[in-house]
Amino acid sequence: MYRKPEAAKIQELRDIAHRLRIHSITSTQASKSGHPTSCASIAEVLSVLFFNTMRYKLSAPRDESSDRFVLSKGHAAPILYAAWAEAGLFPISDLQNLRKIDSDLEGHPTPRLNFIDVGTGSLGQGLSIGAGMAYVGKNYDKASYRTYVLVGDGESAEGSIWESLHFAGHYKLDNLCVIFDVNRLGQSEPTSLQHSMEVYRKRLDAFGFNAIVVDGHDIEELCRAFFEAEQTKGRPTAIIAKTFKGKFFPNIEDLENWHGKPLGDNSKEVIDYLSSLIKNKGALNLSPSSPIDLAPKVSISNITLSSDPSYKLGEQVATRLAYGTALAKIAASNDRVIALDGDTKNSTFSEKLKKVYPERYIECFIAEQNLVGVAIGAACRDRTVAFVSTFATFFTRAFDQIRMGAISQTNVNFCGSHCGVSIGEDGPSQMGLEDIALFRTIPGSTVFYPSDAVSTERAVELAANTKGVCYIRTSRPNTEVIYSSDEKFVIGKSKVVKHSANDQLLIIGSCVTLYEGLKAAKELEGLGINARVLDPFTVKPLDRDGIIANAKECGGRIVVAEDHYREGGLGEAVLSVVSDQRNIVVKHLFVPEVPRSGPPTVLIDMFGISSRHIVAAAQEIMKL
């Protein structure tokens, strides 16, 4: 049963809210940049959350048993920092270092700070991450910790927010509470709904939420709403808080053209007014509550395949199929391996894990931005080893989530199937031809491009144990098994799959183009030209030393063929690593234009990456 807090506690929570406002003003004044009015609208929400509702450990801010908080509207970072400082995590004086080059109190939150799980600031992403955290808490940890996500009303125009709401409602994540800060004003003009609170309520109710409209500046209403959220079972809660931008800022509250601006000459007047509202001038009497129970200890290191690859040399197996087999194998060896997919599991073969461990498969449906966000949330605090699968081309619509994942120091693994023209008749909309470029640009990423079933299984095993974003590119056609089951693979080390003592050029390809390269090498042999063939295994990091050494042994001649557009793929990676070498020349074959539907072998030849074209390129390069 809800018990209204005593009047003294309510007053102290009000006082804390005003103190948080003052800190937001002084810190943004010190940095001469920031968003104090956006902070002011959520001061009471953060006061109640951090000093009445949430349970967490100051000694270990990212403890696995503590409640989670995600500030999706990351530009309000100063007030989040202020809440942690007021709670006692670090000195309040440190807030004056906001946005300084030598401070981790950055303009938007990042996990450089020990109390931040994920980077936010690219709007519309925090809710999917929070949904991933909540899914893990409810279904895997089975612990009492709760997840709170604060969403701005402006960012609620992002479609990714509604993808996340659908996901949370569908899975009845009753340990998730979303707070909408409906302060009416966007960056450049009022939001589309402004203060139409009933419209928000009806929409959230339709998405399966317990939707509660509150005065976002009323401490008692907020305390009651958060209590109701905790007691609500079978569905998540959305607290729709009617707030005002710049609340309690004289001559600024609810006015346009104050977004992202320090108060400047107005700061003294506003601080004096806020100070006059504070009744308790001394030290805080309120402190954070500790977690109720403990989440289980888990280990996500040293993950291995439960058995070695068991293919026969020469057997025809698609790398996408081997990916699914490997997923199930690493899941057998560690119960924290999970798979997420966007309704393509019977094509990516992530369904192989689902068939063995259905509880460890998360269907995210056709909503790739939320798919990626949920995985990032699920991987937070080292609770799971997440593998995200869909067609390679569909990751392009979630590029922002993936790049924010890198900023968030995530360890999520991605697998893109159906890459290149080799998928055949489905046509260009389904062909991943930009995916290597996408993932190569991600800071700290590892990009695997396995060519057969054995190397694919080993790529999955390696990815599970590699920090940062990992991407595994798999293909639709069957390819020949060329590696024995005990072959060792190392990130950044290539494999020479054909060579002789007097090779005259080096052919580099991956998966379908590796096999086209082997065909070409056989044809060239009949023409009196010996060609060495190299499988890079990882495109990032690329085996610079191995490529240069082999190229020099082959007269400094390289032909690269890839089932990808020219920009950002394997060929440009090779050109990059040999760019400082004076006597190496590279001929690059790639898909030169938007392709079309047709049989895979016809398309591979039509768009210039078949063995015929490799032979022609080799003959040209031999003339140089």
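Residues numbered from 1 in each chain as written. Predicted model: local features only at pLDDT ≥ 70, side-chain atom pairs only at ≥ 80, totals over all residues. Heavy atoms only, no water.

As annotated in an unreviewed UniProt entry, the protein chain carries the name transketolase and comes from Chironomus riparius. Quoted verbatim from the Sequence similarities (unreviewed entry) field of the UniProt record, the comment on the protein chain reads "Belongs to the transketolase family." Per UniProt, the protein chain carries the Subunit (unreviewed entry) text "Homodimer." (UniProt positions renumbered as here; feature names shortened; annotations may be inferred.)

(A) Seen up close, the overall build of the protein chain. Along the protein chain, the regular secondary structure elements total 21 helices and 19 strands. Against the 2.2 N^0.38 benchmark of 25 Å for 624 residues, the protein chain shows a C-alpha radius of gyration of 28 Å, consistent with a compact globule. Seen through its C-alpha atoms, the protein chain measures out along the principal axes to roughly 90 × 50 × 40 Å. Across the 624 residues in the protein chain, those meeting the buried criterion constitute 62%. (Helix = DSSP H or I, 4+ residues; strand = E, 2+ residues; numbered from the N terminus. Rg over C-alpha atoms; globule rule 2.2 N^0.38 Å. Buried < 20%, exposed > 50% of the residue type's maximum accessible area, 1.4 Å probe, protein only.)

(B) Focus on the UniProt feature "domain: Transketolase-like pyrimidine-binding" (unreviewed entry) in the protein chain. As recorded in UniProt, the feature "domain: Transketolase-like pyrimidine-binding" (unreviewed entry) lies at residues 317–481. Split by type, residues 317–481 is 39% helix and 19% strand. Its first and last C-alpha atoms lie 7 Å apart.

(C) Summary view of empty space enclosed by the protein. Considering all chains together, one arrives at 4 cavities of 30 Å³ or more under this definition. Counted as a void, the largest cavity has a volume near 150 Å³. What lines the largest cavity is a set of 18 residues, among which Phe69, Val70, Trp84, Phe115 and Asp117 lie closest to the centre. For the lining of the largest cavity, the secondary structure elements donating two or more residues are β1 (68–71) and α4 (77–87). (1 Å grid on protein atoms, 1.4 Å probe; cavity = no way out; pocket = protein on both sides within 12 Å on 5 of 7 lines; lining within 4 Å. Points joined across faces, edges and corners; volume = space filled by probe spheres on them.)

(D) Local environment of the pattern of salt bridges. For the coordinates displayed, the defined rule picks out 34 salt bridges. The salt bridge involving Asp426 is made with Arg476; its shortest N-O contact spans 3.1 Å. With Asp426 in the loop between β10 (413–417) and α15 (435–440) and Arg476 in the loop between β12 (470–473) and β13 (478–480), this residue pair connects regions lying 50 residues apart in the sequence. With relative accessibility at 30%, the residue Arg476 sits in the partly exposed group. Notably, a salt bridge pairs Asp545 with Arg544, separated by 4.0 Å at the nearest N-O pair. Salt bridges sharing partners connect three or more residues here, namely Asp141, Arg336 and Arg383. (Salt bridge = Lys/Arg side-chain N within 4 Å of Asp/Glu carboxyl O.)

(E) Looking closely at the state of the cysteines. Counted by the stated rule, this structure contains 0 disulfides. The closest cysteine sulfur to the non-disulfide-bonded Cys177 is located on Cys223, 13 Å from its own sulfur. With relative accessibility at 0%, the residue Cys177 sits in the buried group. (Disulfide = S-S within 2.5 Å.)

(F) Quick look at the packing of aromatic side chains. In the structure shown here, the tally under the stated rule is 24 aromatic pairs. Geometrically, the ring pair formed by Tyr135 and Tyr171 is edge-to-face, given 5.3 Å between the ring centres and 90° between the ring planes. Here Tyr171 lies in the loop between α6 (159–170) and β3 (176–182) and Tyr135 lies in helix α5 (residues 126–141), a separation of 36 residues in the sequence. Aromatic side chains Phe395 and Phe439 sit 5.7 Å apart centroid to centroid with 90° between the ring planes, which places their arrangement in the edge-to-face category. With Phe395 in the loop between β9 (385–391) and α14 (399–407) and Phe439 in helix α15, the pair connects residues that are 44 residues apart, well separated along the chain. For the pair formed by Phe395 and Phe439, the shared burial category is buried. (Phe/Tyr/Trp six-rings, centres within 6.5 Å; stacked < 30°, edge-to-face > 60°.)

(G) Fine view of the sheet that holds strand β5 (residues 237–242). Strand order across the open sheet formed by 5 strands is β1-β2-β3-β5-β4, with parallel pairing between neighbours. The open sheet has two edge strands with one neighbour each: β1 and β4 (210–215). Taken over all neighbouring pairs, the strand axes of this sheet differ in orientation by 20° on average, direction set aside. (Pairing = 2+ DSSP bridges. Axes fitted to C-alpha atoms, helices over the stretch in contact; angles between N-to-C directions.)

(H) Inspection of the nonpolar core at higher detail. Leu340, Phe414, Phe439, Ile508, Ile547 and Ile558 are the most contacted members of the largest nonpolar core, which totals 81 residues. Counting residues per element, this core draws most heavily on α5, which supplies 8 residues. Those residues in contact with Leu340 that sit more than four places away from it in its chain are Ile362, Cys364, Leu371, Val374, Ala375, Ala386, Phe387, Val388 and Ser389. Listed in part, the 51 residues of the second largest apolar core include Ile10, Ile79, Val214 and Cys223. (Core = buried A, V, L, I, M, F, W, Y, C linked by side-chain atoms within 4.5 Å. Contact = heavy atoms within 4.5 Å.)

(I) View of the side chain of His259. Positionally, His259 belongs in the loop between β5 and α9 (267–277). At 2.7 Å, the side chain of His259 and the side chain of Lys245 are in polar contact. (Polar contact = N/O pair within 3.5 Å; in protein donor to acceptor, adjacent residues only side chain to side chain.)

(J) Up close: unusual backbone geometry. Cis geometry marks the peptide bond from Lys540 to Pro541, where omega comes out at -5°. Within the element layout of this structure, Pro541 appears in the loop between β17 (538–540) and α18 (544–553). Phi at Lys172 is positive, roughly 50°, even though this residue is not glycine. Of note, Lys172 is situated in the loop between α6 and β3. Its identity is not glycine, yet Arg381 carries a phi of approximately 60°, on the positive side. Looking at the element boundaries, Arg381 is found in the loop between α13 (368–379) and β9. Accessibility expressed as a relative area gives 15% for Arg381, which makes it buried.

(K) Spotlight on the pairing of strand β16 (residues 531–535). The buried fraction of β16 amounts to 5 of the 5 residues, a majority that puts the element mostly inside the structure. Residues Ala531, Val533 and Asp535 point to one face of β16 and Arg532 and Leu534 to the other, with burial holding for every one of them. For strand β14 (residues 495–498) and β16, the ladder comprises 3 bridges, and the chain directions are antiparallel. Residue pairing for β16: Lys498 is matched across the bridge by Val533. As defined by bridge partners, strand β15 (residues 505–509) adjoins β16 across 4 bridges and the pair is classed as parallel. Note that in β16 the partner of Leu506 across the bridge is Arg532. Regarding topology, helix α17 (residues 512–526) serves as the crossover connection from β15 to the parallel β16, and that connection is right-handed. (Right-handed = clockwise from strand over helix to strand, strands pointing away.)

(L) Structural view of the packing of α5 against α13. Running from amino to carboxyl end, α5 crosses α13 at an angle of 50°, the nearest separation of the two axes being 6 Å. Classed by the angle they form, the pair α5 and α13 counts as oblique. The way α5 lies across α13 gives a crossing that is right-handed. On the side of α5, the interface is formed by Ser128, Ile129, Ala131, Gly132, Met133 and Val136, while α13 contributes Gln369, Asn370, Gly373, Val374, Ile376, Gly377 and Ala378. Within the contact of α5 with α13, the residues separate by chemical class into 7 nonpolar, 6 polar and no charged. (Parallel < 35°, antiparallel > 145°, perpendicular 65-115°, else oblique. Left-handed = near helix turned anticlockwise from the far one by under 90°. Nonpolar A, V, L, I, M, F, W, Y, C, P; charged D, E, K, R; others polar.)

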